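Residues per chain, in single letters:
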Amino acid sequence: TGWDRLNRNGPVVAHIAETEGVAAIAVHGRTRACGFSGEAEYLTISEIKQTVGIPVIANGDIDSPEKARQVLQKSGADALMIGRAAQGRPWIFREIEHYLATGEKRSPPSTSWIRDLLLEHVQNLHLFYGAERGVPVARKHIAWYSKTHPGGAQFRKTINKIETAEDQLTLIRDFFDKLSTTKELAA
């Protein structure tokens, strides 16, 4: 939105970009000085939207369907860009889409569905990078998927020591299967 809180020049920069032929602008709701700290603000994004005629994409702290609607309303943006909130939770996009279309929240995905999605994701990482490089690359993704689940911290300690693709996949299956069993017993 600008260099710092006292120097929000986002609308000026957006106008220059549009004049030079930029077709759309994505705006992070923070200043350069803020980086990723503090809360995103959407007033400057609204000012940018009012300044230019090209599509404006709002970004920053959009971590739920409700927040997505709120940001669209506050900013007047044409679209949203989701970053960190999708790490380990790529289904956030369908949750937001459903909520914006219906005003109702979707049921959360089942543990077994998350397990299967993570397994597919990790297998694709292994294929893309090769098993040797894919195993360490997959660790951060596994951490993101498991961070909100009971026992996730211990699971991450264990899986971060694993060196083979096969063992990584086995531990993922075991962890999420145990979670599914625990949830079924509690129900």
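Here is a short report on the structure shown in this document. (Residues numbered from 1 in each chain as written. Predicted model: local features only at pLDDT ≥ 70, side-chain atom pairs only at ≥ 80, totals over all residues. Heavy atoms only, no water.)

## Things to note about the overall build of the chain
For clarity, the threshold we go by: Put simply, DSSP H or I for four residues or longer makes a helix, DSSP E for two residues or longer makes a strand, and each gets a number counted from the N terminus. Only the C-alpha atoms count toward the radius of gyration. The rule for a globule is 2.2 Å times the residue count to the power 0.38. Partly exposed describes any residue whose relative accessible area lies between the buried limit of under 20% and the exposed limit of over 50%, with all areas from a 1.4 Å probe on protein chains only and scaled to the type maximum. Throughout, a contact is declared for two residues whenever any of their heavy atoms are within 4.5 Å. Note on areas: Shrake-Rupley with a 1.4 Å probe; residue coverage comes only from the protein chains shown. Under the counting rule used here, the positive set is Lys and Arg, the negative set is Asp and Glu, and His together with the chain ends is not counted. The atom standing in for a charge is NZ when the residue is Lys, CZ when it is Arg, CG when it is Asp and CD when it is Glu.
The helix and strand tally for the chain stands at eight helices and three strands. Beginning at the N terminus, the succession of helices and strands in the chain can be written as α-β-α-β-α-β-α-α-α-α-α. The C-alpha atoms of the chain give 20 Å as radius of gyration, which overshoots the globular expectation for 187 residues (16 Å, by more than 25%). Counting only C-alpha atoms, the chain reaches 55 × 40 × 30 Å along its principal axes. Taken over 187 residues, the chain has a buried fraction of 40%. When contacts within the chain are restricted to residue pairs at least 6 apart in sequence, those whose partners lie at least 24 apart make up 55%. Total accessible area on the chain is roughly 10,900 Å²; 54% of this is exposed by carbon and sulfur atoms. Across the chain, 24 positive and 22 negative side-chain charges occur, with their mean positions spaced 5 Å apart.

## Thoughts on helix H3 (residues 65-75)
Rules: What the arc describes is the spread of directions from the helix axis to the C-beta atoms.
Considered for burial, the residues of H3 that qualify are Pro65, Lys67, Ala68, Val71 and Ser75. Looking straight down H3, one finds that the buried residues subtend no more than 160 degrees of arc, so they occupy a single side. As for H3, its buried residues are in contact with helix H2 (43-51), strand S2 (56-59), strand S3 (79-81) and helix H4 (92-102). Gly76 sits one or two positions beyond H3 and adopts a positive phi of about 70 degrees.

## Regarding the sheet that holds S2
Put simply, the rule reads: In short, DSSP must find at least two bridges between two strands for them to pair. Axis lines are fitted to C-alpha atoms, over the contacting stretch for helices. Their N-to-C directions set the angle, which ranges from 0 to 180 degrees.
The three strands are arranged S1-S2-S3 in an open sheet whose pairing can be described as parallel. The open sheet is flanked by strand S1 (25-28) and S3, the only strands paired with a single partner. Across the sheet, the mean angle separating the axes of adjacent strands is 30 degrees when strand polarity is ignored. As defined by bridge partners, S1 adjoins S2 across four bridges and the pair is classed as parallel. Looking at S2, one finds that His28 is bridged to Asn59.

## Concerning the packing of H3 against H4
Definition in use: Between 65 and 115 degrees an angle is taken as roughly perpendicular, under 35 as roughly parallel, over 145 as roughly antiparallel, and anywhere else as oblique. Here a crossing is taken to be left-handed if its near helix is turned anticlockwise relative to the far helix by less than a right angle, and right-handed if that turn runs clockwise.
Direction vectors running N to C along H3 and H4 enclose 60 degrees, while the axes themselves pass 8 Å from each other. When the axes of H3 and H4 are compared, the pair comes out oblique. Of the two possible hands of crossing, H3 and H4 adopt the one that is right-handed. On the side of H3, the interface is formed by Pro65, Glu66, Ala68, Arg69 and Leu72, while H4 contributes Glu95, Ile96, Tyr99 and Leu100.

## Quick word on the packing of aromatic side chains
Rules: Pairs were defined over the aromatic rings of Phe, Tyr and Trp, the Trp ring being its six-membered one, requiring ring centres within 6.5 Å. Orientation was assigned from the angle between planes: stacked under 30 degrees, edge-to-face over 60, tilted for the rest.
Using the criterion set out here, one finds five aromatic pairs in the structure. Ring centres of Trp91 and Tyr145 lie 6.3 Å apart, and the angle between their planes is 55 degrees; this geometry places the pair in the tilted category. Placement of Trp91 in the loop between S3 and H4 and of Tyr145 in helix H6 (residues 131-146) is noted, with a sequence separation of 54 residues between them. Using a relative accessible area of 9% as the deciding quantity, one classes Trp91 as buried. A relative accessible area of 3% places Tyr145 in the buried class.

## A closer look at the pattern of salt bridges
Oppositely charged side chains may form a pair once their charged atoms are brought near each other. What counts here: Throughout this description, the term salt bridge denotes a Lys or Arg side-chain nitrogen within 4 Å of a carboxyl oxygen of Asp or Glu.
Considering all chains together, one arrives at eight salt bridges under this definition. Between Asp78 and Lys49 there is a salt bridge; the shortest N-O distance is 2.8 Å. Taken together, the residues span a long stretch of sequence, with Asp78 in the loop between H3 and S3 and Lys49 in helix H2 at a distance of 29 residues. Relative accessible area serves as the criterion here: at 22%, Lys49 is assigned to the partly exposed category. Between Glu95 and Arg89 there is a salt bridge, and its shortest N-O distance comes to 2.9 Å. Looking at Arg89, the relative accessible area reads 25%, which means it is partly exposed.

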